[in-house]
Amino acid sequence: MSIMLATGCSLNHGGNNASGQTGANGQHDATGQEGTAGGNGEPNSSANQGGDTSNPPEGTSNVDGGSGQDTGPDGSHPGGTNTTADDPVLKQLNQLTTEEKIGQLVLVGMDGTATSAETRELVQKYYVGGFIFYKNNIDSTKQALSLFNGLKKDNRDNPVPLWMSVDEEGGRVSRMPDKFVDMPTNLAIGRKNSTKLSHGIGQILGRELAGFGLNMDFAPVLDVNSNPDNPVIGDRSFGNDAERVARLGKATMEGIREEHVVPVVKHFPGHGDTSVDSHIGLPVVNHDLARLRKLELVPFQAAVKDQADVVMIAHLLMPKLDPDHPASFSKAVITDLLRNELGFKGVVISDDMTMGAIDKNYSIGKASVGAILAGGNIILIGHDYAKEKEAIQALTDAVKNGTISEEVLNDRVYAVLKLKAAYGITDEPAKGPDVDRINKDARSLLGKYGLK
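Residues numbered from 1 in each chain as written. Predicted model: local features only at pLDDT ≥ 70, side-chain atom pairs only at ≥ 80, totals over all residues. Heavy atoms only, no water.

Focus on the overall build of the chain
What counts, and what does not: We count a stretch as a helix when DSSP gives it H or I for four or more residues in a row; a strand needs E for two or more, and each element gets its number in order from the N terminus. Per-residue accessibility, obtained with a 1.4 Å probe over protein chains only, is compared with the maximum for each type, and a residue is labelled buried under 20%, exposed over 50%, and partly exposed between these values. For every accessible area listed, the method is Shrake-Rupley and the probe measures 1.4 Å; residues are considered covered only by the protein chains on display.
When you go through the chain residue by residue, the secondary structure sums to 15 helices and 10 strands. Taken over 452 residues, the chain has a buried fraction of 63%. A total of about 15800 Å² of accessible surface is found on the chain, and carbon and sulfur atoms cover 45% of it.

Quick word on the sheet that holds strand 3 (residues 106–108)
Definition in use: At least two bridges found by DSSP between two strands is the condition for calling them paired.
The eight strands lie next to each other as 9-8-7-6-5-4-3-10, forming an open sheet whose pairing is parallel. Looking along the sheet, the strands with just one partner apiece sit at the ends: strand 9 (347–350) and strand 10 (379–381). In this sheet, strand 4 (residues 130–133) lies alongside strand 3 in parallel orientation, the contact comprising two bridges. Along strand 4, the bridge assignment pairs Val 108 with Phe 131.

Brief notes about the environment of Phe 300
Counted only if it meets this: By definition in these notes, contact holds between two residues if any of their heavy atoms fall within 4.5 Å.
As for its placement among the helices and strands, Phe 300 is situated in helix 9 (residues 297–305). What makes Phe 300 buried here is its relative accessible area of 1%. Between the alpha carbons of Phe 300 and Phe 344 there is a distance of 9.6 Å; along the sequence they are 44 residues apart. For Phe 300, the contacting residues outside a window of four places in its chain are Leu 222, Asp 223, Val 265, Lys 266, His 267, Phe 268, Pro 269, Gly 270 and Leu 342.

What to know about the confidence of the model for the chain
This is how it is decided: A residue's pLDDT is the predictor's confidence in that residue, given on a scale from 0 to 100.
For the chain, per-residue confidence averages 83 on the pLDDT scale, and residues scoring 70 or more make up 77% of the total. Contacts from residues 1–82, a stretch scored under 50 in pLDDT, to residues over four places away or in other chains number 298 contacts.

Quick look at the side chain of Asp 87
Defined as follows: Under the convention used here, Asp and Glu are negative, Lys and Arg are positive, and both His and the chain ends fall outside the count. For this analysis, a salt bridge means a side-chain nitrogen from Lys or Arg found within 4 Å of a carboxyl oxygen belonging to Asp or Glu. We call two N or O atoms a polar contact when they sit within 3.5 Å, provided that within protein one can donate a hydrogen and the other can accept it, with sequence-adjacent residues counted only if both atoms are side-chain atoms.
Within the secondary structure, Asp 87 is located in the loop between strand 2 (81–83) and helix 1 (88–95). Of the buried charged residues, Asp 87 lacks a salt bridge, with Lys 418 as the closest side chain of opposite charge at 5.6 Å. Of the polar contacts made by the side chain of Asp 87, one reaches the backbone nitrogen of Val 89; its length is 3.0 Å.

Description of the nonpolar core
As a reminder of what qualifies: Within this scheme, the nonpolar core is defined by two criteria: the residues are buried Ala, Val, Leu, Ile, Met, Phe, Trp, Tyr or Cys, and they are joined through side-chain atoms within 4.5 Å.
One finds Val 128, Phe 131, Phe 133, Phe 148, Leu 214 and Ile 404 to be the most contacted residues of the largest nonpolar core, which totals 81 residues. Once you skip the residues sitting within four places of it in the chain, Phe 133 turns out to touch Met 110, Ile 138, Leu 147, Phe 148, Leu 151, Met 164, Ser 165, Val 166, Asp 167, Arg 175 and Leu 214. Counting residues in hydrophobic clusters, the runner-up holds 26 residues, among them Val 304, Met 318, Leu 338 and Val 348.

Overview of unusual backbone geometry
Backbone torsion omega between Ala 219 and Pro 220 reads 5 degrees, so that peptide bond is classified as cis. Structurally, the position occupied by Pro 220 is in the loop between strand 6 (216–217) and helix 7 (242–258). Here Phe 268 and Pro 269 are connected by a cis peptide whose omega angle stands at 0 degrees. Checked against the element boundaries, Pro 269 lands in the loop between strand 7 (262–268) and helix 8 (289–294). In this structure, Gln 307 takes a positive phi of about 60 degrees despite not being glycine. Within the secondary structure layout, Gln 307 lies in the loop between helix 9 and strand 8 (310–313). At Asp 384, a position not held by glycine, the phi torsion is positive, near 80 degrees. As for its placement among the helices and strands, Asp 384 is situated in the loop between strand 10 and helix 13 (385–400). You can call Asp 384 partly exposed: its relative accessible area is 35%.

Structural notes on the pattern of salt bridges
A complete count under the given rule lists 16 salt bridges for this structure. Among the salt bridges present, the one from Lys 266 reaches Asp 167, with a minimum N-O distance of 3.2 Å. Here Lys 266, found in strand 7, pairs with Asp 167, found in the loop between strand 5 (163–166) and helix 5 (186–192); they are 99 residues apart in sequence, far enough to count as distant. You can call Lys 266 buried: its relative accessible area is 0%. The partner of Arg 437 in a salt bridge is Asp 441, and the shortest N-O contact between them spans 3.5 Å. Of this pair, Arg 437 and Asp 441 are both found in helix 15 (residues 435–448), four residues apart, which corresponds to roughly one turn of the helix. Residue classification places Arg 437 among the partly exposed positions, given a relative accessible area of 49%.

Comments concerning the side chain of Thr 335
For Thr 335, the position within the fold is in helix 10 (residues 331–341). Residue Thr 335 is classed as buried on the basis of its relative accessible area, which comes to 0%. There is a polar contact of 2.6 Å between the side chain of Thr 335 and the backbone oxygen of Ala 374.

A few points about the packing of helix 6 (residues 195–212) against helix 15
For the record, the criterion: Here the axes come from fitting lines to C-alpha atoms, over the contacting stretch only for helices, and the angles between their N-to-C directions go from 0 to 180 degrees. An angle counts as roughly parallel when it lies under 35 degrees, as roughly antiparallel when it exceeds 145, as roughly perpendicular when it falls between 65 and 115, and as oblique in every other case. Should the near helix be turned anticlockwise from the far one by less than a right angle, the crossing is termed left-handed; should it be turned clockwise, right-handed. Under the scheme applied here, ten amino acids are nonpolar (Ala, Val, Leu, Ile, Met, Phe, Trp, Tyr, Cys and Pro), four are charged (Asp, Glu, Lys and Arg), and all others, including Gly, are polar.
Between helix 6 and helix 15, whose axes approach to 10 Å, the crossing angle comes to 165 degrees. As judged from the angle between their axes, helix 6 and helix 15 are roughly antiparallel. For the pair helix 6 and helix 15, the sense of crossing is left-handed. Where helix 6 abuts helix 15, its residues Leu 197, Gly 200, Ile 201, Ile 204, Arg 207 and Glu 208 lie against Arg 437, Ile 438, Asp 441, Ala 442, Leu 445 and Leu 446. Looking at side-chain class alone, the contact of helix 6 with helix 15 contains seven nonpolar, one polar and four charged residues.

Here you go:
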């Protein structure tokens, strides 16, 4: 089958494993509210994932998701792609069933600290693209490793490996076992104003995750904390200066991905000037594009220029951009602004669709379908097994009745597969992190900056 693809990844770092497999309580914070420096920007450790870490072959595809060309009403870019017959990611895509493709559009949470009948159904019946883990999923190093490896084992017969993700920002948003040295808040890092420090913090965070076989971190936060009354960002931001946030955030992003963990920058187009917590309600931000370009978009533009892999979209209503849809399922925000104006060609993920901003105002099914049509690739559903199934069913129905066309489905999934391939992600079991060594390096780094 010959297919047209519109959006995708413009990676030139990470591994190439295009064949795929080789072998609660608390509200989500993909805004998450729970409360060795050096390198050159290239991933240098793939021990947690396995697979080939060489650069993806040149010329395998020309995926154009944010080139500025005219877009269709469904957020796709007609005629935006040329792919060669030997593109391994395209071959993998063409081998997937429709159900397997739909599964790659969702990333789900789970209850408890062990695999269950529910998690096995999500993996083996619905082919979910991955999991997000919270503090209530993680008791200890031994338990966490058993859980993560167990989910990978359950996925072994599926054609695509799992995202294994977590909010690990440092500061008050941390999911790692208590044995690890506490990392400082982004605000504390911002006060030191050192890219070497922020880069080193990113590496430490990446090493912690990589040791467990986790492969995606919902960090760094690129919000500019311009509103002192903001109830959700605060010290999770590097500060109120956009250029400083951009510089330090980019350094943290690079540090994370050097450990072969996919960083997710958030919360586009900027959650810093809100007085409503989107876990509870829907914030309204009345800024126009001129204001956004001067402040909120500055860190995201810097990250896009540095080849950011994934951008998370916030649940914000921005009437001057789109009076009818929150940013998380707004074509004006995702396709027109992020992809076309900023030139982002990577993967777009929603913030958690079970947060109050969506749950109290919209159907999770309609919101999920809307996010894909608006130009998104992955729907995050961090809580509630019934809601996870509801979202998957809505996506399935939308594909069956043509609301999500085959072209759009293939386009969105291709970008996800390409990113997994670029990082060489597999379901190989992890051996566990070297906690003592990581802690020693963390204390050394923090000590240099008076942050012990």
